[in-house]
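Now for the letters of each chain:
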Amino acid sequence: MDWVGVLTTGFESSVAAWSRSEGLDVAAVMDVLAELRGAGVGEQAGSGMITALERGEVGPETFERALALRLRRVSGVAVEPSGLMGRLFGHFEVDLRLLAAVRRLRDRGHRTALLSNSWGNDYPRTLIDGAFDQVLISGEIGLRKPQPEIFWHAARRLGVAPHEAVFVDDLADNVAGAARAGMIGVLHESRAATERALDGHFPVPEEAGAGSEGRDRAH
C-alpha cells in the first residue's frame, strides 16, 4: 500500500490546506513543487530535487531550505524552513477505515507492506503499528517508485513472488511500474473501490467465515 493519497487524504488538497495556513497562493506552491520535481514522464518523471529527496540523496533540511527560498521568490512570503515538512504533512489526515481494512488482511494471514516515496517526513508509527509486516520508505532504501527495483525489493522483504503481490497507489505511473515489475496494480480512486478490489483479490475463505460464526455463537 502507498501512503499519501491512499491511506491519507489526497496530496493536492492537503498541500492546499498547508499553503493557506502559511499565507501562500496554492497555485504558486504547486508550480514550485512542479519545478522541484522536474520534467519527464513514467520512470523518468521527477528528474529534479524531489527525486533525489525521495531516494535519500538529498536530506530533508536541504529540501526545506530550497523550497522555502523558492516560495519566497514567487510569493514574497517568508516561509520558515525549519520544520517545514512537519507542518506540511501535518495537514494530511489518515484514513483510519482503510488502514483498518489492511490490518484485517494481515490478521487473516496475508503479508502486508507500506511502500512510500518519502520526503523525509515522519510516519505515525503508533497508528500503523500492527497493520504492516514491512514499512519500506524510499529514502531509507535508496529506491523510489516507479522503479521496478523497489517493487522487487518489497516482494523479497515480504517473502513472495511479484506476481503474488497486489500494489495499491493513487498515481497511475506507480501502478504501471508495479505492473511492469510483475505485480497486480490497483489504482486507488476511492476507499470503497479499493476495499472492493482488496476483497476481490483476498476473499475470506468460506470455511473461515463459517468457523468464525460458529465461534461467535459458542461464545
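Our structure's up above, just so we're on the same page.
Residues numbered from 1 in each chain as written. Predicted model: local features only at pLDDT ≥ 70, side-chain atom pairs only at ≥ 80, totals over all residues. Heavy atoms only, no water.

1. Examining the overall build of the protein chain
- Looking only at helices and strands, the protein chain features twelve helices and four strands.
- Counting all 219 residues of the protein chain, 42% fall into the buried class.
- Within the protein chain, counting contacts between residues at least 6 apart in sequence, those at least 24 apart form 57% of the total.
- About 11,100 Å² of surface is accessible on the protein chain, with carbon and sulfur atoms providing 50% of the total. (Helix = DSSP H or I, 4+ residues; strand = E, 2+ residues; numbered from the N terminus. Buried < 20%, exposed > 50% of the residue type's maximum accessible area, 1.4 Å probe, protein only. Contact = heavy atoms within 4.5 Å. Areas by Shrake-Rupley, 256 points an atom, 1.4 Å probe, with all protein chains shown as cover.)

2. Regarding the pairing of strand β1 (residues 113–116)
- On β1, burial covers both faces: A113 and L115 on one face and L114 and S116 on the other are all buried.
- Across four bridges, β1 lies against strand β2 (residues 134–137) in parallel orientation. Its bridge partner being in β2, L115 is matched across the sheet by L136. (Pairing = 2+ DSSP bridges.)

3. Considering the packing of helix α6 (residues 96–107) against helix α11 (residues 191–201)
- Relative orientation of the contacting elements α6 and α11 amounts to 10 degrees, with a least axis distance of 10 Å. Our classification of the angle between α6 and α11 gives roughly parallel. Here R97, L98, A101 and L105 of α6 come into contact with α11, specifically with R191, T194, E195 and L198.
- Taken together, the residues that form the contact of α6 with α11 break down as four nonpolar, one polar and three charged. (Axes fitted to C-alpha atoms, helices over the stretch in contact; angles between N-to-C directions. Parallel < 35°, antiparallel > 145°, perpendicular 65-115°, else oblique. Nonpolar A, V, L, I, M, F, W, Y, C, P; charged D, E, K, R; others polar.)

4. With respect to the pattern of salt bridges
- As enumerated under the stated definition, the model contains seven salt bridges in all.
- Of the charged contacts in the structure, one is a salt bridge between R191 and D95, with a shortest N-O distance of 3.1 Å. In this pair, R191 is assigned in helix α11 and D95 in the loop between α5 (84–89) and α6, connecting sequence segments 96 residues apart.
- Relative accessible area serves as the criterion here: at 28%, R191 is assigned to the partly exposed category.
- For D95, a relative accessible area of 14% corresponds to the buried category.
- One salt bridge connects R106 with D133, and the closest N-O pair in it is separated by 3.0 Å. Of the two residues, R106 is situated in helix α6 and D133 in the loop between α7 (125–128) and β2; the sequence distance between them amounts to 27 residues.
- Look at R106 and you get partly exposed, because its relative accessible area is 29%.
- Judged by its relative accessible area of 34%, D133 is partly exposed. (Salt bridge = Lys/Arg side-chain N within 4 Å of Asp/Glu carboxyl O.)

5. Concerning the environment of L84
- Relative to the elements of secondary structure, L84 occurs in helix α5.
- Owing to a relative accessible area of 0%, L84 belongs among the buried residues under this scheme.
- Spatially, the C-alpha atom of L84 lies 8.7 Å from that of R65, the residues being 19 residues apart in sequence.
- If sequence neighbours within four positions are ignored, L84 has contacts with W18, E64, L67, A68 and V79.

6. Considerations on the nonpolar core
- Core analysis: the largest hydrophobic core is formed by 41 residues, its most contacted members being L7, L67, W119 and F132.
- Per-element accounting of this core gives the leading share, five residues, to α6.
- Contact partners of F132, with chain neighbours within four places excluded, come to M1, L7, L99, V102, R106, T112, A113 and L114.
- Within the second largest apolar cluster, 14 residues are counted, among which are L136, F151, A155 and F167. (Core = buried A, V, L, I, M, F, W, Y, C linked by side-chain atoms within 4.5 Å.)

7. Description of the packing of aromatic side chains
- What the rule picks out here adds up to seven aromatic pairs.
- Ring geometry for F11 against W119: centres 5.7 Å apart, planes inclined by 75 degrees, an arrangement best described as edge-to-face. You can see F11 sitting in helix α1 (residues 11–21) and its partner W119 sitting in the loop between β1 and α7, a full 108 residues away along the chain.
- Ring plane angle 25 degrees and centroid distance 5.0 Å describe the contact between F89 and F92, whose orientation is recorded as stacked. The two residues F89 and F92 agree in class, both being buried.
- In textbook terms, an aromatic cluster arises when at least three aromatic residues are bridged by ring pairs, as seen for F11, F63, F89, F92 and W119. (Phe/Tyr/Trp six-rings, centres within 6.5 Å; stacked < 30°, edge-to-face > 60°.)

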